[in-house]
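# Breakdown of the fold
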Number of protein chains: 4
Amino acid sequence: MKIKAGIIGATGYAGAELVRILLSHPDAEIVAISSVSFEGQKLSDVYPSYKGLCDMECKKQEDVVAQSDVIFAALPHGLSQELAAQCDKAGKAFIDLGADFRLQSEQEYKEWYGCDFLDHDLHSRSVYGLPELFRENIKGKRIIANPGCYTTGAPLALAPAVKGGLVSTEGIIVDSKSGVTGAGRKPNQGNHYPELNEGFHAYKVANHRHTPEIEQTLGKLSGKKVTITFVPHLLPVNRGIISSCYARINDDVTFEDIRNAYEQFYKDEFFVRLLPDGANADIHNIKYSNFCDISLHHDKRTNTLVAISAIDNMVKGAAGQAIQNMNIIFGLDEKAGLIIVPPAF
Amino acid sequence: MKIKAGIIGATGYAGAELVRILLSHPDAEIVAISSVSFEGQKLSDVYPSYKGLCDMECKKQEDVVAQSDVIFAALPHGLSQELAAQCDKAGKAFIDLGADFRLQSEQEYKEWYGCDFLDHDLHSRSVYGLPELFRENIKGKRIIANPGCYTTGAPLALAPAVKGGLVSTEGIIVDSKSGVTGAGRKPNQGNHYPELNEGFHAYKVANHRHTPEIEQTLGKLSGKKVTITFVPHLLPVNRGIISSCYARINDDVTFEDIRNAYEQFYKDEFFVRLLPDGANADIHNIKYSNFCDISLHHDKRTNTLVAISAIDNMVKGAAGQAIQNMNIIFGLDEKAGLIIVPPAF
Amino acid sequence: MKIKAGIIGATGYAGAELVRILLSHPDAEIVAISSVSFEGQKLSDVYPSYKGLCDMECKKQEDVVAQSDVIFAALPHGLSQELAAQCDKAGKAFIDLGADFRLQSEQEYKEWYGCDFLDHDLHSRSVYGLPELFRENIKGKRIIANPGCYTTGAPLALAPAVKGGLVSTEGIIVDSKSGVTGAGRKPNQGNHYPELNEGFHAYKVANHRHTPEIEQTLGKLSGKKVTITFVPHLLPVNRGIISSCYARINDDVTFEDIRNAYEQFYKDEFFVRLLPDGANADIHNIKYSNFCDISLHHDKRTNTLVAISAIDNMVKGAAGQAIQNMNIIFGLDEKAGLIIVPPAF
Amino acid sequence: MKIKAGIIGATGYAGAELVRILLSHPDAEIVAISSVSFEGQKLSDVYPSYKGLCDMECKKQEDVVAQSDVIFAALPHGLSQELAAQCDKAGKAFIDLGADFRLQSEQEYKEWYGCDFLDHDLHSRSVYGLPELFRENIKGKRIIANPGCYTTGAPLALAPAVKGGLVSTEGIIVDSKSGVTGAGRKPNQGNHYPELNEGFHAYKVANHRHTPEIEQTLGKLSGKKVTITFVPHLLPVNRGIISSCYARINDDVTFEDIRNAYEQFYKDEFFVRLLPDGANADIHNIKYSNFCDISLHHDKRTNTLVAISAIDNMVKGAAGQAIQNMNIIFGLDEKAGLIIVPPAF
């Protein structure tokens, strides 16, 4: 008997990517999808790629909740809290690809998103779903805050060094570069083909909302408050995020210590591929897959660790990780449906 | 018990794509791969995308033949005939992604490729593996000439009209546009990023080797000799071919007749998606999949049929179709391992 | 004393391109620009590329007319006729980059654009500004209908053959591929980066509004009514149009005759570069410039001429040609301000 | 009387770009070009973009030296020293786009390039040609070391802050992203279209040869030895470099102080465009031009300056700057031939 999965906001990019992956999942099936903008239309009319594969019609949110065992929500922030409460009441699992449950500090949520926590009990029963770092906490939970894209790639690049106390948690710089799908499906001047193509620039420099979320994760790993400088840039490619992370190596720590710590930390993690010395993490190699490739580099002249991760922002940074969380909370093999071979070109 | 598949020429683009698809095939497994250029190296060193998924070492051609039930050969033309003979002798199935067995006229083969048929018996026992058009001939065969990329997309766009005698077979024009992977893995000035990017041009105008192969297929369908004008162009994208095919509609034939003929012809073909009126076949919608999308258009002012097909040159135009052929000759579900959802973006 | 040039609709792509080229024109200067959407804003706020080079503020249409010797209008169709009348009354030259004056048949204009001719006298005094074909008619005129993009590239590819009666005017097929800027500055789903990137498709198959305009030009050259099949496609590049044109070669005409005719026809045309046999016209080589590269190909097997042109849709297909027309009507060197070297990469 | 310019290595990308710009220079003309690989061929056969504009034949190096007043050399490192000596002896100005004269420390040159200084006197009479920082030193010189691409963009982003002592010179991080032309014209696997397209990765992390050159410049400006962390990345675009530079703001320095320092520093520099608060430097806005756009950002939470520059690596990062240096040493207007409007798209 397959898990009945429902998707709310199925016509957005994260929703559409959930569909792509779930269609090949051996133990789950999509039973209902919804979309406010395209209610009553077939998903394959919105995305002709899916013709013959998912010709399901977009219904209302409540239809999805009613029919599903697990509800994936890909909604703008602020819209998930009430929905989570409904799912909770109905005894359904809820996996939120939005931001409402990611920050554990209500004050930070208010500061960066301008909203309040509607139900503190609900928040206390939710969990931050980054499996490689917090797997044990996820098991048994029913409300999952699926991390954002930058907030998956950067912490995975830094986790072993930060958790092991091998680098200074002061002065960490995260310089990230993301493909365009991260900005969503709605056209605007900045994503208009002729203005983005052959272009490249930073945006929301040092004030992107993913900053406190990265800090929260690094803080949990290190046991102390961490403040970072985070600068995202927009790449003229569809998918993928490179996060180049800079941290000062602590005294008496060698680069070999660091490499050993990473190898140990990730040795059982299927979705993290630690690259050999000399290799460079490249979004080319993880596209369409749930992998996070990490390369480690030592700037000997300044004794700085440069840890670089590559993820597909729509998979490990969104839909793939959400399904990984579903697999965990339903007791499936964590890799089920997620052994997607990244194309070589 | 899974079919043992071997790949000769695994480090070329078609070979690498066979690996990608076979890795997820439910009824086949890759047992050996070979490469002249990379013998002794891991495939994942050549294509880091495959790290952890296919770390198999490249062996010699004879090792592949010895260990496999079916041998896929992705070799430059001229190198497959001897290999086919070896496989035949060893009782192995042989699927040739090269050109050696595609043309049934030795004279045409000599004219366009400059080589002879080494063994006429072998040629007579081979079959041209375009399943949607020649499925019944393929069953039971052991030597398969897998069609080229242009030679899959253009015939599928025209087949129902040509077979049904609905259009003139004189004056057919095929204007095709292919992604760059069609030119292979070897770097040259024409495929150097800065010189191809933001560029577009025709090449081998009216003298591309796929011309006689398209004509052979259209000839078989129509029962008469067909000569076409074929002009390929190079698109600055990785994958995909659009073939825009122009044919004069015969007198007393309506466009509705034509649409009906296409619907009838392809009604049971999973991999051919006939688009509704008003839609345009787009490589965006079939990337990484084995689908061939076809849109039909009527130029009323000149009573011309414009039939446009979109395929992924590396899948339906190479590796995917080869696996489809394997499924047929081994009696598997023809779709096994090939229900790949084309990403929406 | 420089010519005073004004641009109406300066913030659209054609308007912005006029600015780019006029800024380096030795004999003209931009005195005023207007924009309905950005009135009161600096052009360099809309296009930061122009910072420090054109920080001029967008005014009203009437300000532009009042201050300029020549008015370039880059407006949606239907809005130019009244403006032309105003300019005419004020004694100003008017160069229309829109479609209102391009078709000489009011019936065709009504059929394809749904509008009437407001003032027949005005229309009778306007001229179709494709200098290489109609230079003598342009001299002395004050109302210029600047051709569209497809309608420049395709006729230039075919003109010598059609005018010389070397090919049949029946069954001509024009398969064009255009960069995205042709669709303008306004974002929409089809031009949204992730949905166009790595995609390619035809659009408005056999019903694009440029069809009658191409036919009008070929009709004038051949002296008889010409009906063509015209299919445009959208290329994932910013600029450039390739038009691949197919025409049956008349009996008793050799390909050498055709080449000679082209060489003769274009021998004094600076902006048309006839490529040698074996070369292929490529948008890569004409980007940002006013050149039209043409390559000629002979399909010997079907005796078909394949004539392929490459232009920059925003330059020779819009702003550059408009300035070429300005140069002609003001008696300047036709090349003034237009000897722009296309970048090698 | 125009300056006679010669180009050695004209068929490489930097050489070809020199041709593009010099063809429109009002006070200089190209009199001779050379190329080892293409001797005897026309430049327009190598770059068909230049057909009709520069059909000059590639000669030998000595022909160029003999005929020119100024010799531009775009050669692999190690080949310029002897050539410089020849030019010097012949009384010709020499502008080296290679690396041989950039580092003033022979030890660093040996360490990073593995070569020695052949003639110390020659080196002592050469000058590092970054006009905005060292203009006064350049005047009157005849041997110019034209800076590299990264080594132009990063120092310009940091110069006012470093020179003014407003930021710490310890812990500076430069995270750069360059278009592909920076890697030159020779095809290789890494620049092969299908493997770079839709990809992005770092390379030569913390060991790129431009590191000591950036440090040399920052050292001169600050008056003390500076060591930085420099990480370049490869962008899937043809042109442009973004350098995102991170530096800790010194105590008692406000961000307003910094902005004021930049405005003061660059107030008379035509080619540096300091963007207003809220804007982001973008390679889209400087393509094909000699501009360097700079945006300044304050990370208040960590009191870090993020200074981001955008240049065209082939213009301000190579050929354009070389011509700017020519203008200076020949006493021309520094902007002559360099007021190139960056296209809006």
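Everything here concerns the structure above.
Figured I'd write up the structure that's included with this text.

### A look at the overall build of chain A
Scanning chain A from terminus to terminus reveals 12 helices and 14 strands. For a compact globule of 345 residues, the expected C-alpha radius of gyration is about 20 Å, and chain A comes in at 20 Å, within 12% of that figure. Principal-axis analysis of the C-alpha atoms places the extent of chain A at approximately 60 × 45 × 40 Å. A total of 345 residues make up chain A; the buried ones form 66% of that total. For chain A, the accessible area works out to roughly 11300 Å², and carbon and sulfur atoms hold 47% of it. In chain A, 35 positive and 42 negative side-chain charges are present, and the distance between their average locations comes to 2 Å.

### Comments concerning the relation of the copies chain C and chain A
Overlaying chain C on chain A yields an RMSD of 0.0 Å, the required transformation being a rotation through 180° with an accompanying axial translation of 0.0 Å. Taken together, the rotation and translation relating the two chain copies correspond to the operation of a two-fold axis. When each C-alpha of chain C is compared by its distance to the rotation axis, Y193 of chain C comes out closest, at 2.3 Å. Of all interface residues in chain C, 100% are interface residues in chain A too; the two copies therefore contact each other through one and the same surface.

### Examining the sheet that holds strand 14 (residues 304-311) of chain C
All names here are of chain C. Spatial ordering of the open sheet is given by 9-10-8-11-14-13-12, a layout of seven strands whose pairing is mixed. Here the strands that pair on one side only, and so sit at the sheet edges, are strand 9 (201-202) and strand 12 (272-274). Sheet strands in contact with helix 11 (residues 255-266) are strand 12, strand 13 (292-299) and strand 14, and its direction is about 170° off that of strand 13.

### Some remarks on the side chain of R259 of chain B
Here R259 of chain B shows up in helix 11 (residues 255-266). Filtering out sequence-adjacent residues up to four positions away, R259 of chain B remains in contact with L274, L275, P276, D277 and L296 of chain B.

### Comments concerning the environment of C292 of chain D
Residues and elements named next belong to chain D. Within the element layout of this structure, C292 appears in strand 13 (residues 292-299). C292 sits in the buried class, given a relative accessible area of 0%. Sequence spacing of C292 and I242 is 50 residues, and the spatial spacing of their C-alpha atoms is 9.9 Å. Ignoring sequence-local partners within four residues, the contact set of C292 consists of L156, F271, V272, R273, S309, A310 and I311.

### With respect to the packing of helix 1 (residues 13-22) of chain C against helix 12 (residues 315-329) of chain C
All names here are of chain C. The geometry of helix 1 relative to helix 12 is characterised by a closest axis approach of 9 Å and an angle of 50° between their N-to-C directions. With respect to their mutual orientation, helix 1 and helix 12 come out oblique. The two elements helix 1 and helix 12 cross, and the hand of that crossing is right-handed. Residues A14, E17, L18, R20, I21 and L22 of helix 1 form the contact with helix 12, whose own contacting residues are V315, A319, G320, A322, I323 and M326. A per-class count over the contact of helix 1 with helix 12 returns nine nonpolar, one polar and two charged.

### Quick word on the pattern of salt bridges
Taken as a whole and judged by the stated rule, the model has 84 salt bridges over all chains. Across the pair K139 of chain B and E136 of chain B runs a salt bridge, and its minimum N-O distance is 3.1 Å. By relative accessible area, K139 of chain B is classed as partly exposed at 43%. Judged by its relative accessible area of 56%, E136 of chain B falls in the exposed class. The residue D333 of chain B makes a salt bridge to K335 of chain B at a minimum N-O spacing of 3.6 Å. For D333 of chain B, a relative accessible area of 45% puts it in the partly exposed group. Bridged by salt links that share partners, the residues E17, R20, R239 and D312 of chain A form one connected network.

### Details of empty space enclosed by the protein
Scanning the model with the defined rule gives three cavities of 30 Å³ or more in all. Around the largest cavity, the lining is made up of 18 residues, and of these Y193 and N197 of chain A, N197 of chain B, N197 of chain C together with N197 of chain D lie nearest the centre. Space inside the second largest cavity adds up to approximately 100 Å³. N238, R239, K287 and Y288 of chain A, N238, R239, K287 and Y288 of chain B, E198 of chain C together with E198 of chain D together form the lining of the second largest cavity. Residue composition of the lining of the second largest cavity, by class: two nonpolar, two polar and six charged.

### Focus on the relation of the copies chain B and chain C
Superposition record for chain B on chain C: RMSD 0.0 Å, screw rotation 180°, translation along axis 0.0 Å. Taken together, the interface assignments show that 100% of the residues at the interface of chain B recur at the interface of chain C, consistent with an identical surface on both copies.

### What to know about the environment of I144 of chain A
All names here are of chain A. The residue I144 is located in strand 7 (residues 143-145) in this model. For the pair I144 and Y128, spaced 16 residues apart in sequence, the C-alpha separation works out to 6.1 Å. Look past the residues within four positions of I144 in its chain and what remains in contact with it is F94, I95, D96, V127, G129, I138, N325 and I329.

### As for the interface of chain C and chain A
With 19 residues of chain C in contact, the opposing surface of chain A contributes 19 residues. Interface area for chain C against chain A, summed over the two sides, is near 1700 Å², with a carbon-plus-sulfur share of 51%. Applying the counting rule to chain C against chain A returns two salt bridges. Between E195 of chain A and R185 of chain C there is a salt bridge, with the nearest N and O atoms lying 3.4 Å from each other. At the junction of chain C and chain A, the tally comes to 18 residue pairs in polar contact (both at pLDDT 80 or more). Considering each element in turn, the side of chain C that touches chain A owes the most residues, four residues, to helix 9 (residues 193-196) of chain C. Residues that form the side of chain C that touches chain A fall into these classes: eight nonpolar, eight polar and three charged.

### Thoughts on the environment of C149 of chain B
All names here are of chain B. Positionally, C149 belongs in the loop between strand 7 (143-145) and helix 8 (150-163). A residue is classified by how much of its surface remains accessible, and C149, at 14% relative accessible area, is buried. Sequence-distant contacts of C149, defined by excluding residues within four places in its chain, comprise H210, I241, I311, N313 and G317.

### Some details on the interface of chain B and chain C
Tallying the contact residues gives 46 residues for chain B and 46 residues for chain C. For the pair chain B and chain C, the summed buried surface comes to about 3600 Å²; carbon and sulfur atoms form 58% of the total. Considering only the side of chain B, the residues that lose the most area to chain C are E198, F200 and R301 of chain B, jointly responsible for 20% of the buried surface there. If you look at where chain B meets chain C, you find four salt bridges. With a shortest N-O distance of 3.2 Å, K177 of chain C and D175 of chain B are connected by a salt bridge. Contributing elements (two or more residues each) for the side of chain B that touches chain C: strand 8 (173-178), helix 9 (193-196), strand 9 (201-202), helix 10 (210-222), strand 10 (229-234), strand 11 (241-248), strand 13 (292-299) and strand 14 (304-311) of chain B. The element contributing the most residues to the side of chain B that touches chain C is strand 11 of chain B, with four residues. By residue class, the composition of the side of chain B that touches chain C is 20 nonpolar, 15 polar and 11 charged.

### Comments concerning the nonpolar core
Counting 251 residues, the largest nonpolar core has L22 and F72 of chain A, L22 and F72 of chain B, F72 of chain C together with F72 of chain D as its most contacted members. The residues touching F72 of chain C, leaving out its near neighbours within four places in the chain, are A5, G6, I7, I8, L18, L22, I95, L97, A322, I323 and M326 of chain C.

### A word on the sheet that holds strand 14 of chain B
All names here are of chain B. On the basis of which strands lie adjacent, the open sheet formed by seven strands has the order 9-10-8-11-14-13-12 and mixed pairing. At either margin of the open sheet sits one strand with a lone partner, and together these are strand 9 and strand 12 (272-274). As judged from the six bridges shared by strand 8 and strand 10, these two strands associate in the parallel manner. Within strand 10, the position partnered with I173 by the bridge is T229.

### Points about the side chain of S168 of chain B
Residue and element names in this part refer to chain B. Its place among the elements puts S168 in the loop between helix 8 and strand 8. By relative accessible area, which is 15% here, S168 ends up buried. Among the polar contacts listed, one links the side chain of S168 to the backbone nitrogen of E170, at a separation of 3.0 Å. Other than its neighbours up to four places away in sequence, S168 contacts A247, R248 and N250.

### Section: the packing of aromatic side chains
All names here are of chain C. Scanning the entire structure with this criterion turns up 52 aromatic pairs over all chains. Ring geometry for Y262 against Y266: centres 6.4 Å apart, planes inclined by 55°, an arrangement best described as tilted. With Y262 and Y266 both in helix 11 and four residues apart, the pair spans about one turn of that helix. Classification of Y262 by relative accessible area gives buried; the value is 0%.

What counts and how
- Residues numbered from 1 in each chain as written.
- Chains lettered and ligands numbered in written order.
- Predicted model: local features only at pLDDT ≥ 70, side-chain atom pairs only at ≥ 80, totals over all residues.
- Heavy atoms only, no water.
- Helix = DSSP H or I, 4+ residues; strand = E, 2+ residues; numbered from the N terminus.
- Rg over C-alpha atoms; globule rule 2.2 N^0.38 Å.
- Buried < 20%, exposed > 50% of the residue type's maximum accessible area, 1.4 Å probe, protein only.
- Areas by Shrake-Rupley, 256 points an atom, 1.4 Å probe, with all protein chains shown as cover.
- Lys, Arg positive; Asp, Glu negative; His and termini not counted.
- Charge placed at Lys NZ, Arg CZ, Asp CG, Glu CD.
- Least-squares fit on C-alpha atoms with pLDDT ≥ 70 in both.
- Contact = heavy atoms within 4.5 Å.
- Pairing = 2+ DSSP bridges.
- Axes fitted to C-alpha atoms, helices over the stretch in contact; angles between N-to-C directions.
- Parallel < 35°, antiparallel > 145°, perpendicular 65-115°, else oblique.
- Left-handed = near helix turned anticlockwise from the far one by under 90°.
- Nonpolar A, V, L, I, M, F, W, Y, C, P; charged D, E, K, R; others polar.
- Salt bridge = Lys/Arg side-chain N within 4 Å of Asp/Glu carboxyl O.
- 1 Å grid on protein atoms, 1.4 Å probe; cavity = no way out; pocket = protein on both sides within 12 Å on 5 of 7 lines; lining within 4 Å.
- Points joined across faces, edges and corners; volume = space filled by probe spheres on them.
- Buried area = accessible area lost by both parts, 1.4 Å probe.
- Polar contact = N/O pair within 3.5 Å; in protein donor to acceptor, adjacent residues only side chain to side chain.
- Core = buried A, V, L, I, M, F, W, Y, C linked by side-chain atoms within 4.5 Å.
- Phe/Tyr/Trp six-rings, centres within 6.5 Å; stacked < 30°, edge-to-face > 60°.

So, to be careful, I would describe these as geometric facts and stop short of saying anything about function.
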